[in-house]
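Descriptive analysis of the structure
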Amino acid sequence: MVLEQERGQIVEYCRRLPSDGLVVATSGNISARSGDMVAVTPSGVDYEQLTADLVGVYRLDGAPVEARLAPTTELPMHLAVYRQTRAQAIVHTHSTAATAVSTLLDELPPIHYLIAMFGGPVRVARYATYGTDELAAETVEALGARTGCILGNHGTVTIGATLGEAYTRAVYLEWLCDVWLRASAVGRPRVLTPAELEQVRVKLSTYGTSRPHGEAGD
Ligand SMILES: [Zn+2]
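Described below are features of the structure shown in this document. Note that the coordinates shown come from a computational prediction; the quantities given were computed from them, not determined experimentally.

1. As for the overall build of the protein chain
- Tallying secondary structure elements over the protein chain gives six helices and nine strands in all.
- By its C-alpha atoms, the protein chain is 50 × 40 × 30 Å across when sized along the principal axes.
- Here the protein chain, with 218 residues, has 49% of them falling under the buried criterion.
- Carbon and sulfur atoms form 51% of the exposed surface of the protein chain, whose accessible area is close to 10,500 Å².
- In the protein chain, 18 positive and 24 negative side-chain charges are present, and the distance between their average locations comes to 5 Å.

2. Overview of the coordination of the zinc ion
- The coordination sphere of the zinc ion, as far as protein atoms go, consists of H92 (NE2), H94 (NE2) and H154 (NE2), spread over 2.1 Å.
- Linear spacing of the donor residues for the zinc ion on their chain is H-x1-H-x59-H. Taken together, the residues H92 in strand β5 (residues 89-93) and H154 in the loop between β8 (148-151) and β9 (155-160) connect sequence positions 62 residues apart. Each member of the pair H92 and H154 is classed as buried.

3. Brief notes about the pairing of strand β3 (residues 56-59)
- Here strand β2 (residues 37-40) runs beside β3; their pairing, made up of four bridges, is antiparallel. Each bridged residue has a counterpart across the sheet, and for A39 the counterpart in β3 is V57.
- Relative to strand β4 (residues 64-66), β3 runs antiparallel, the two being bridged by two bridges. Counted as the bridge partner of Y58 is P64 from β4.
- Here β3 folds back onto β4 in antiparallel fashion, the turn holding four residues, of which G62 has a positive phi close to 100°.

4. Details of the pattern of salt bridges
- A complete count under the given rule lists nine salt bridges for this structure.
- With a shortest N-O distance of 2.8 Å, E66 and R7 are connected by a salt bridge. On the criterion of sequence distance, the pair formed by E66 in strand β4 and R7 in helix α1 (residues 4-19) is long-range, its members being 59 residues apart.
- Its relative accessible area of 29% is what places E66 among the partly exposed residues.
- One continuous salt-bridge network, built from bridges that share partners, spans R126, E138 and E141.

5. Things to note about unusual backbone geometry
- Non-glycine residue L3 carries a positive phi angle of around 50°.
- Mapped onto the secondary structure, L3 falls in the segment before α1.
- L3 sits in the buried class, given a relative accessible area of 11%.
- Residues other than glycine seldom take positive phi values, yet N153 does so here, at roughly 50°.
- For N153, the position within the fold is in the loop between β8 and β9.

6. Quick look at the nonpolar core
- In terms of nonpolar packing, the biggest core is built from 24 residues, with I10, C14, L17, I30, L50, V91 and L163 touching the most fellow members.
- Secondary-structure elements contributing two or more residues to this core are α1, β1 (29-34), β2, β5 and α5 (163-186).
- The leading source of residues in this core is α1, at five residues.
- Filtering out sequence-adjacent residues up to four positions away, I10 remains in contact with I30, S31, A32, A39, V40, T41, V55 and L163.

7. Structural notes on the packing of helix α2 (residues 75-84) against helix α4 (residues 133-143)
- Orientation of α2 relative to α4, taken along the N-to-C sense of each, is 40°, at an axis distance of 8 Å. When the axes of α2 and α4 are compared, the pair comes out oblique. Seen along the crossing, α2 lies across α4 with a hand that is right-handed. Where α2 abuts α4, its residues P76, M77, A80, V81 and Q84 lie against D133, L135, A136, T139, V140 and L143.

8. Brief notes about the sheet that holds β4
- A sheet is described by the order of its strands in space; here nine strands give the open sequence β4-β3-β2-β1-β5-β9-β8-β7-β6, paired in mixed fashion. Of all the strands in the sheet, just β4 and β6 (107-108) have a single pairing partner and so form its edges.
- When β1 meets β2, the two strands line up antiparallel, connected through four bridges. Each bridged residue has a counterpart across the sheet, and for R33 the counterpart in β2 is V38.
- Running at roughly 140° to β9, α5 makes contact with β1, β5, β6, β7 (122-125), β8 and β9 of the sheet.

Calculation notes
Residues numbered from 1 in each chain as written. Predicted model: local features only at pLDDT ≥ 70, side-chain atom pairs only at ≥ 80, totals over all residues. Heavy atoms only, no water. Helix = DSSP H or I, 4+ residues; strand = E, 2+ residues; numbered from the N terminus. Buried < 20%, exposed > 50% of the residue type's maximum accessible area, 1.4 Å probe, protein only. Areas by Shrake-Rupley, 256 points an atom, 1.4 Å probe, with all protein chains shown as cover. Lys, Arg positive; Asp, Glu negative; His and termini not counted. Charge placed at Lys NZ, Arg CZ, Asp CG, Glu CD. Donors = N, O, S within 2.8 Å, 3.2 Å for Na, K, Ca; no water. Pairing = 2+ DSSP bridges. Salt bridge = Lys/Arg side-chain N within 4 Å of Asp/Glu carboxyl O. Core = buried A, V, L, I, M, F, W, Y, C linked by side-chain atoms within 4.5 Å. Contact = heavy atoms within 4.5 Å. Axes fitted to C-alpha atoms, helices over the stretch in contact; angles between N-to-C directions. Parallel < 35°, antiparallel > 145°, perpendicular 65-115°, else oblique. Left-handed = near helix turned anticlockwise from the far one by under 90°.

As structure tokens, then:
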């Protein structure tokens, strides 16, 4: 079985999606890249029933390598992001707070310093029909050099050098959106200045020598 490790990891993280509040039913999807191959969740399989051999493997051009089931309808989006960014893993969710924010904003403002882990304020991609090349293009544009974006009236996409990193960012993006919604419900949230964000970016870039508060168990 090709990409056995990546397929196993995808199953492991998929099982966490519902209890982490990141998806509803079978919505959302996860992929991981190795070389010019991508392992990605199949379409419409209950996460409880998912096994590594049901996770399909495709080439970057979409040609199937090992795939027993149809891939997620968002395969074009995953492949487009891999072709145009340095992502090694992608997590796509319909998490509630982020989806609510996706109907209200063009960009999630820097309401908390942890937004620096995305490279700055998180942009909201223009709405496009799910599963289309148009949505794939809007996602790539909204991501730019960032590590996450929100999809207009749809959900989220986060990327990482590992699946663990992409998944952790999905959890933080949902939390940031929840904080914004709660704060905005009672007032006008104060936002961090570019200088304040830059200081955090520098600290995060020296991760390991000065561990950021709020990560890795803080
Ligand atoms: Zn979706």
